[in-house]
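Commentary on secondary and tertiary structure
One-letter residues, chain by chain:
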Amino acid sequence: MPVHAWPGPAPGSTDWPGSGSGGWTMGADGPAAAGDRAGGRAAGPWTSSGAPRLPPRSLLLLFFLLLAVLGVRASSYKTCPKVQPDMLNVHLVAHTHDDVGWLKTVDQYFYGIHGNIQHAGVQYILDSVVSSLLADPTRRFIYVEIAFFSRWWKQQTRATQETVRELVRQGRLEFANGGWVMNDEATTHYGAIVDQMTLGLRFLEDTFGSDGRPTVAWHIDPFGHSREQASLFAQMGFDGFFFGRLDYQDKMFRENMREMEQVWRASSSLKPPAADLFTGVLPNMYNPPDNLCWDVLCDDMPVVDDPRSPEYNAKELVTYFLQLATAQARHYRTNHTIMTMGSDFQYENANMWFKNLDKLIHLVNSQQQANGSQVHVLYSTPACYLWELNKANLTWSVKQDDFFPYADGSYKFWTGYFSSRPALKRYERLSYNFLQVCNQLEALAGAAAIKGPYGLGDSAPLREAMAVLQHHDAVTGTSKQHVADDYARQLAQGWGPCEVLLSNALSWLSGSKDKFTFCRELNVSNCPLTQTEERFQVTIYNPLGRKLNWMVRLPVSGSIFLVKDPSGVTVPSKVVALQDPEGQEHPPELLFLASVPALGFSTYSVAQVPARQVKVRPSQPRHQSPVLVIQNEHIRASFSRDTGFLMEIENLDEKLVLPIRQAFFWYNASTGNNQSAQASGAYIFRPSRSKPLPVRHWAEIRVIKNDLVQEVHQNFSAWCSQVVRLYPGQRHLELEWTVGPIPVGDGWGKEVISRFDTLLETNGRFYTDSNGREILERRRDYRPTWNLNQTEPVAGNYYPVTSRIYITDGHMQLTVLTDRSQGGSSLSDGSLELMVHRRLLLDDARGVGEPLQEAGPDGQGPGLWVRGRHLVLLNTARAAASQHRLLAEEVVMAPQVVLAPMGSVPYSLETTQQTQFSGLLRELPPAVHLLTLARWDPETLLLRLEHQFAVGEGSDRNLSSPVTLDLRDLFTTFTITHLQETTLAVTQPRDRVSRLQWTTKTGPVTQAEPFFLDPAAITLQPMEIRTFLASVQWKKAIKT
């Protein structure tokens, strides 16, 4: 971090899934009423054995009486403290913000190692807080980061665990947010957000039952806030959302207009209130008010309440506090206001904080009788504060855009982290892809995936590592270098057990045992097996719910190969090779087109053909025309031979022609100037001038053309090159760029962009995705809800691009898809740019304390080189979504290649070997994305199905219409015997969710229709995600 409930069972009981009208069970005669499935509190709702422990009848009677008195939803807030209805109530929230890595690694923070870097030890914070809470029953505390709490919990004695359970049950220790981490909102993919939230919330449910379930989302430190994040929180069942960081101009406007709290309508497709979320801006980011910080890390005066002491300050402090509370309340609409009493890694000596807060509360409240004060102070929590706002029964304004970009002052836009550490960002996205493959194969193969011929497979290490990477100082690239290295280490260690799991699953599903190999360095054309073996097999697993044709590229050492498909039929293949401008020869690459069934695999055999070695060189036409063209049946791309730049794209199907120029530029990073000392850094993007410099005004080009690929290789400089690629049947242009090491010997930090310039009349508008889902319109030098005073015409117009950015004139649309999160913008009409790499020489003074150099393992190397892809689509505005939605799904859920030398043996004597397999009996419709298929417990799978089109998109193919699925016989390896629909993060059964209701200025919303679950007719509305826990029985044999 940089500086500056639903009614259900009794608390602790978890008698779901399987109870109530929301469950469905397959019996001998078809669907039947679901029976109860319950477990003890510690085991959580996912256990499948054991009977529920019913409380005594008197307690049950008391519980239902409380429901009748408080109302259904009030049961979740029953432990909140009493307030004074005719006074200003100041809710003091004692909290700590514990970054899951930043200046120190996760382990260093937990154990309190390297205090010379930062004094912080999470284990001591939790020890101290628990002791202090036990000292006084009025004290309350909230905790957020479950990655730390779960580790601490496992180290406690049973007696301590029971003590903590009681504190949670009484509401004195409350969990806010509940994710494994407090995730970033700009650079994260929505699927990874859902996964990390589910991981943390499951721990709380398993450990504390419904008592530990958070009702409030708490994102106090992320550097801007996305609309999709709010939508996901709403779908998870949260009642409200509080955050700390808000653009300084926006905050001033909101304070003046008293709009620090409102309802966020976070989807333009989901019907309100499905994605509506009450949202509040905290008054002091997340720090204590000035002069009121009583931690070992602070220097403020403690409360001295002995009048005989020469240091007595109680009277002065009370006066100050009353003035502070009154001034703060003027910016809010109710007689309740909130103060965050804590900050980064505070409460290591919790007694310091609580002793002074106890005194403050007593002193302030005593003024009510002594001087008629109308201020009441109390220990509280975000949930209790939210509950009082809801009871105020006001009408609230509605927000429909997002909170990007974020600036904390003039010339200080936090838009650099959208692109910082591009290699780590790509590794995180690859790991998400690999985790989903791992999850799916574990679900399809069942127990055989966990224990098999290759050892013990496990998806948990990668799942936890991926959750850690979502932290707002991890995937953002805003940690110290050694911490970034540790994040990469965690991912690498997580891949290993998943590779074992994949090997076990593929062996069981295929009926054969092979010596499987995973080549993790295919992005740099390195794979020892394919480069040394003359005969090998290639298994391609497709995690999509539809069939996929995919071009396989493998580094080899030969020149001619025979490739056969799963049926033994020879398929076309080619070997391509090219020398780089310095004469260094790249490994030859074997290409062949693979066809892979939905949620399944195909195995191809490859054999080198003995032949005279032929040096493969790029073909050159005899007569050099001024224009170079690559073309397939859908696209034509033209290049200038004079400059080597792309000059035109043509969509042959739609007869669209777009003159375009694509090239690389770099911004000179600011080191500060007479306007501001602010420098560009890991967080901040601040170029020294608005116009970037070209890497070079021309590019050397060479061409490869054969039946399987056409490529134009562009060399812009010694540190910047690109391959523009077109495969047969492909409807997009692939631009594979390689940038780095960025030279900084001239003393200039550089921020490198790829820019596309066209003649499209875009009227200052462009469009970016929100965490990979819905699309938001952006306007240059404009904010939808307040008047912007633009101080940085470049950085102030940059927005996060998780998966795509596009410009359109209403008829023609140019879309660019990314393979990782990047910053992007349109700084002039018809132009579009994406930042691909940055290397900086100064720190930006936001706490990291080192420049974003990424020099190398020893810190002294030449710098990092990065390779990535941009996929370019040209289409009509009406048809564009049909392509970019499906293509984005393919990028995120790319096929997984598994290799093995020839010579497999049968899995067992009874199995039939098969070289092709599908986990689906029928493909999913194009509009449906299988977001999650994962093992939940030994007999249960987690299933998420998503409609991936928004309202009005894909109108050319009617892809935004509702889609209905039959889940009863959808999968080939297992049968669903019982189905329970839940919230998005699997915290509650869907039929029992009851969120707080809010009245908005837009008028009443349509209430949800009565819920009934029919597995034969699961309907998905546009942008809807439906989540299920499915009890399953795996089939003994796989049908061939």
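Along each chain, numbering runs from 1 in the same order as the chain's sequence is written. Residues qualify for local features only when their pLDDT is at least 70, as the model is predicted, and side-chain atom pairs are given and counted only at 80 or more; totals for whole chains, interfaces and linings, by contrast, use all residues. The side-chain figures draw on all heavy atoms in the structure; neither hydrogens nor water molecules are used.

1. Structural notes on the packing of aromatic side chains
The pairing test for Phe, Tyr and Trp rings, Trp by its six-membered ring, is centres within 6.5 Å, and the orientation test on the planes gives stacked under 30 degrees, edge-to-face over 60, and tilted for anything in between. Throughout the structure, instances matching the rule amount to 48 aromatic pairs. Where Y109 meets F345, the ring centres are 4.2 Å apart and the plane angle is 20°; that geometry is what we call stacked. With Y109 in helix α2 (residues 106–111) and F345 in the loop between β10 (336–341) and α10 (350–371), this pair connects stretches of sequence that are 236 residues apart. When sorted by exposure, Y109 lands in the same class as F345, which is buried. Between F971 and F974, the aromatic rings sit 4.7 Å apart at their centres with planes inclined by 25°, giving stacked as the arrangement. Through a chain of ring-to-ring contacts, three or more aromatic side chains come together here, namely Y143, F149, W152, W153, F175, F203 and F208. A cation over an aromatic ring shows up here: K399 above the ring of F403, its NZ or CZ 4.2 Å from the ring centre. If you follow K750 out to its NZ or CZ, it ends over the ring of W666, 4.9 Å from the centre. For helices the rule is a DSSP run of H or I covering at least 4 residues; for strands it is a run of E covering at least 2, with both sets numbered from the N terminus onward. Three labels apply to residues, based on accessible area from a 1.4 Å probe with only protein chains included: buried if under 20% of the type maximum, exposed if over 50%, partly exposed otherwise in between. Over a ring means this: the NZ of a Lys or the CZ of an Arg is within 6 Å of the ring centre and within 35 degrees of the ring normal.

2. Some points on the environment of S602
Its location among the elements puts S602 in strand β23 (residues 600–608). A sequence separation of 95 residues divides S602 from S507, and the C-alpha atoms of the two residues are 13 Å apart. With residues near it in sequence (within four places) discarded, S602 still touches V538, T539, I540, P566, S595, V596, P597, T915 and Q916. Pairing of N or O atoms within 3.5 Å defines a polar contact, subject to two protein rules: one partner must be a possible hydrogen donor and the other a possible acceptor, and residues neighboring in sequence count only if both atoms are side-chain atoms. There is a polar contact of 2.7 Å between the side chain of S602 and the side chain of Q916. Note on contacts: a residue pair qualifies if any of its non-hydrogen atoms lie within 4.5 Å across the two residues.

3. As for unusual backbone geometry
Negative phi is the rule for most residues except glycine; trans is the rule for most peptide bonds. In this structure, P273 follows P272 across a cis peptide bond, with omega equal to 5°. Within the secondary structure, P273 sits in the loop between β8 (261–265) and β9 (276–281). Residue P741 follows G740 across a cis peptide bond; omega there is -10°. Positionally, P741 belongs in the loop between β32 (733–739) and β33 (750–758). Even without glycine at this site, N291 takes up a positive phi of about 75°. You can see N291 is positioned in the loop between β9 and α9 (314–329). Using a relative accessible area of 45% as the deciding quantity, one classes N291 as partly exposed. Positive phi, normally seen in glycine, also occurs at K655, with a value near 55°. As for its placement among the helices and strands, K655 is situated in the loop between β26 (646–651) and β27 (656–668). With relative accessibility at 70%, the residue K655 sits in the exposed group.

4. A word on the pattern of salt bridges
Side-chain pairing between opposite charges can occur once the charged atoms of the two side chains come close. A pairing counts as a salt bridge when a side-chain nitrogen of Lys or Arg comes within 4 Å of a carboxyl oxygen of Asp or Glu. Tallying each qualifying case throughout the model produces 47 salt bridges. We note a salt bridge from R944 to D195, for which the minimum N-O separation is 4.0 Å. A residue pair is termed long-range when its members are at least 10 positions apart, and R944 in strand β46 (residues 940–947) and D195 in helix α6 (residues 190–208) qualify at 749 residues. Overall, the relative accessible area of 18% leaves D195 in the buried class. Notably, a salt bridge pairs D305 with K359, separated by 3.6 Å at the nearest N-O pair. Residue D305 is found in the loop between β9 and α9, and its partner K359 is found in helix α10; the two are separated by 54 residues along the sequence. Taking relative accessible area as the criterion, D305 reaches 36% and is therefore assigned partly exposed. Exposure remark for K359: the relative accessible area of 23% places this residue in the partly exposed category.

5. Here's the deal with helix α7 (residues 227–235)
With 9 of 9 residues buried, α7 lies mostly within the body of the structure. When α7 is considered as a whole, its buried residues turn out to be R227, E228, Q229, A230, S231, L232, F233, A234 and Q235. Just beyond α7, the residue with positive phi is G237, at close to 100°.

6. Notes on the nonpolar core
Put simply, a nonpolar core is a bunch of buried Ala, Val, Leu, Ile, Met, Phe, Trp, Tyr and Cys residues held in one set by side-chain atoms that sit within 4.5 Å of each other. Grouped together as the largest cluster of nonpolar side chains are 231 residues, with contacts concentrated most on F149 and Y347. With residues near it in sequence (within four places) discarded, F149 still touches L126, Y143, V164, F175, F203 and F208.

7. So, the sheet that holds strand β34 (residues 765–769)
Overall, antiparallel pairing links the 9 strands, which are arranged β29-β30-β31-β32-β41-β38-β37-β34-β35 in an open sheet. Lying at the two open borders of the sheet, with one neighbouring strand each, are β29 (700–705) and β35 (775–779). With strand direction ignored, the average angle separating the axes of adjacent strands in the sheet is 20°. In this description, strands pair whenever DSSP reports at least two bridges between them. Where β32 lies against strand β41 (residues 866–876), 7 bridges are found, and the strand directions are antiparallel. Within β41, the position partnered with L735 by the bridge is H870. Where helices are involved, their axes are fitted lines through C-alpha atoms of the stretch in contact, as for all axes, and angles between N-to-C directions lie from 0 to 180°.

8. Section: the confidence of the model for the protein
Note: predicted coordinates in regions of low pLDDT should not be interpreted at a detailed level. Scored from 0 to 100, pLDDT reflects the predictor's confidence in each residue. Residue-level pLDDT values for the protein average 91, and 90% of them are 70 or greater. In this model residues 4–21 is a low-confidence stretch, pLDDT under 50, and it forms 83 contacts with partners more than four residues away in sequence or in other chains. Every residue in residues 27–74 is under pLDDT 50, and counting partners more than four places away or in other chains gives 85 contacts.

9. Digging into the environment of D956
On the secondary structure map, D956 appears in the loop between β46 and β47 (963–965). Separated by 75 residues in sequence, D956 and A881 place their C-alpha atoms 9.2 Å apart. Each residue touching D956, except ones within four places of it in the same chain, is listed here: R878, A879 and S882. Within polar-contact distance, the side chain of D956 engages the side chain of S882 at 2.5 Å.

10. Quick notes on the environment of G209
Looking at the element boundaries, G209 is found in the loop between α6 and β6 (216–219). Judged by relative accessible area, G209 falls into the buried class, the value being 0%. For the pair G209 and L920, spaced 711 residues apart in sequence, the C-alpha separation works out to 35 Å.

11. A closer look at the packing of α6 against helix α14 (residues 460–469)
Where α6 contacts α14, the axes come no closer than 9 Å and their chain directions differ by 110°. One finds that α6 runs roughly perpendicular with respect to α14. Taken as a pair, α6 and α14 cross one another with a handedness that is left-handed. Residues A192, Q196 and L199 of α6 lie in contact with α14, whose contacting residues are R463, E464, M466 and A467. All amino acids are sorted into three groups, where Ala, Val, Leu, Ile, Met, Phe, Trp, Tyr, Cys and Pro are nonpolar, Asp, Glu, Lys and Arg are charged, and the leftover types, Gly among them, are polar. Residues that form the contact of α6 with α14 fall into these classes: 4 nonpolar, 1 polar and 2 charged. Roughly parallel here means an angle under 35 degrees, roughly antiparallel means over 145, roughly perpendicular means 65 to 115, and every remaining angle is called oblique. Note: crossing handedness is left-handed where the near helix turns anticlockwise from the far helix by less than a right angle, and right-handed where it turns clockwise.

12. Thoughts on the sheet that holds strand β22 (residues 589–596)
In spatial order, the strands read β18-β22-β21; together these 3 strands make up an open sheet with antiparallel pairing. Two strands bound the open sheet, and with one partner strand each, they are β18 (548–555) and β21 (573–576). Direction aside, the axes of adjacent strands within the sheet are offset by 30° on average. With 8 bridges connecting them, β18 and β22 associate as antiparallel partners. Its bridge partner being in β22, N549 is matched across the sheet by S595.

13. So, the pairing of β23
Bridging between strand β17 (residues 535–542) and β23 involves 8 bridges; their strand directions are antiparallel. Looking across to β23, one finds that Y541 is bridged to F601. One ladder, built from 4 bridges, connects strand β19 (residues 561–564) with β23; its direction is antiparallel. Pairing of L562 across the sheet is with A607, part of β23. The pairing of β23 with strand β44 (residues 916–918) spans 3 bridges and is antiparallel. Residue pairing for β44: S602 is matched across the bridge by Q916.

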